[in-house]
Amino acid sequence: MRARLRELLRERARERRLRAAGARAAADGLAARVHAELAEEFPDEDLGEDLADFLAHHEPGPDPEADEELLDRVREARDRTARGC
């Protein structure tokens, strides 16, 4: 009886690890897709890998309207990645 219970607990733990790994892979895929969309929309900008870091260290450009649009789109992408959609 104990051996069977132990086996069931091991199987459930393995299933949880697999689901967690799948969720991490999906989140990484979403982040890469969102980042690629931004890079395509703003090809002249060096977005780096971390959008939060980009927002923290961004230097304003000569065109305030274009700069604000860029920052809005980066914030939106960062939030979208955080929400997972």
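None of these values were measured; they are calculated from a predicted model.

The rules behind these values
- Throughout, a residue's number is its position along its own chain's written sequence, starting from 1.
- The predicted origin of the model limits local features to residues at a pLDDT of at least 70 and limits the giving and counting of side-chain atom pairs to 80 or more, whereas totals for whole chains, interfaces and linings rest on all residues.
- The side-chain quantities take in all heavy atoms of the structure and omit both hydrogens and water.
- The numbering of helices and of strands both runs from the N terminus, where a helix is a DSSP run of H or I of at least 4 residues and a strand a run of E of at least 2.
- Here the expected span of a helix is defined as 1.5 Å times the quantity of residues minus one.
- Throughout this description, buried means an accessible area under 20% of the type-specific maximum (1.4 Å probe, protein chains only), exposed means over 50%, and partly exposed covers the range between.
- What the arc describes is the spread of directions from the helix axis to the C-beta atoms.
- The term polar contact refers here to a pair of N or O atoms within 3.5 Å; inside protein, the definition further demands a hydrogen-donor-capable atom paired with an acceptor-capable atom, and it admits residues adjacent in sequence only when both atoms are side-chain atoms.
- pLDDT: the predictor's confidence for each residue, scored from 0 to 100.
- Here, nonpolar core refers to any group of buried Ala, Val, Leu, Ile, Met, Phe, Trp, Tyr and Cys residues whose side-chain atoms link them within 4.5 Å.
- The criterion used for residue contact is that any of the two residues' heavy atoms lie within 4.5 Å.

1. Structural notes on helix α3 (residues 64-83)
Between its first and last C-alpha, α3 extends 28 Å over 20 residues, near the 28 Å set by a 1.5 Å rise per residue. Taken as a whole, α3 has its buried residues at D67, L70, L71, V74 and A77. Taken around the axis of α3, the buried residues stretch over an arc of 125°, which confines them to a single face. For α3, the exposed residues lying more than 90 degrees away from the buried face are P64, E65 and R83. For α3, the N-terminal cap is D63; the gap from its side-chain oxygen to the backbone nitrogen of E65 is 3.3 Å. Where α3 ends, the next residue or the one after it, G84, has phi of about 85°, a positive value.

2. Observations regarding the confidence of the model for the protein chain
When pLDDT drops low, the exact placement of atoms in the prediction is not to be read closely. Put simply, the protein chain has an average pLDDT of 85, and 93% of its residues get 70 or more. Helix α1 (residues 2-41) is the least confidently modelled element of the protein chain, averaging 81 in pLDDT, while α3 averages 91, the highest of any element.

3. Some remarks on the environment of E15
Here E15 lies in helix α1. Accessibility expressed as a relative area gives 34% for E15, which makes it partly exposed. Along the backbone, E15 and T81 are 66 residues apart, and their C-alpha atoms lie at a distance of 25 Å.

4. Things to note about the nonpolar core
Note on soluble globular proteins: their nonpolar side chains tend to be buried together. Judged by nonpolar contacts, L30, V34, L38, F42, L47, L51, F54, L55, L70, L71, V74 and A77 together constitute the single largest core of 12 residues. Sorting the residues of this core by element identifies α1, α2 (51-57) and α3 as the ones contributing at least two each. It is α3 that provides the largest number of residues to this core, a total of four residues. The contact partners of L51, leaving out residues within four places of it in the chain, are H35, L38, V74, A77 and R78.

5. Some points on the environment of P43
With respect to the element layout, P43 can be found in the loop between α1 and α2. Separated by 31 residues in sequence, P43 and V74 have C-alpha atoms that sit 13 Å apart.

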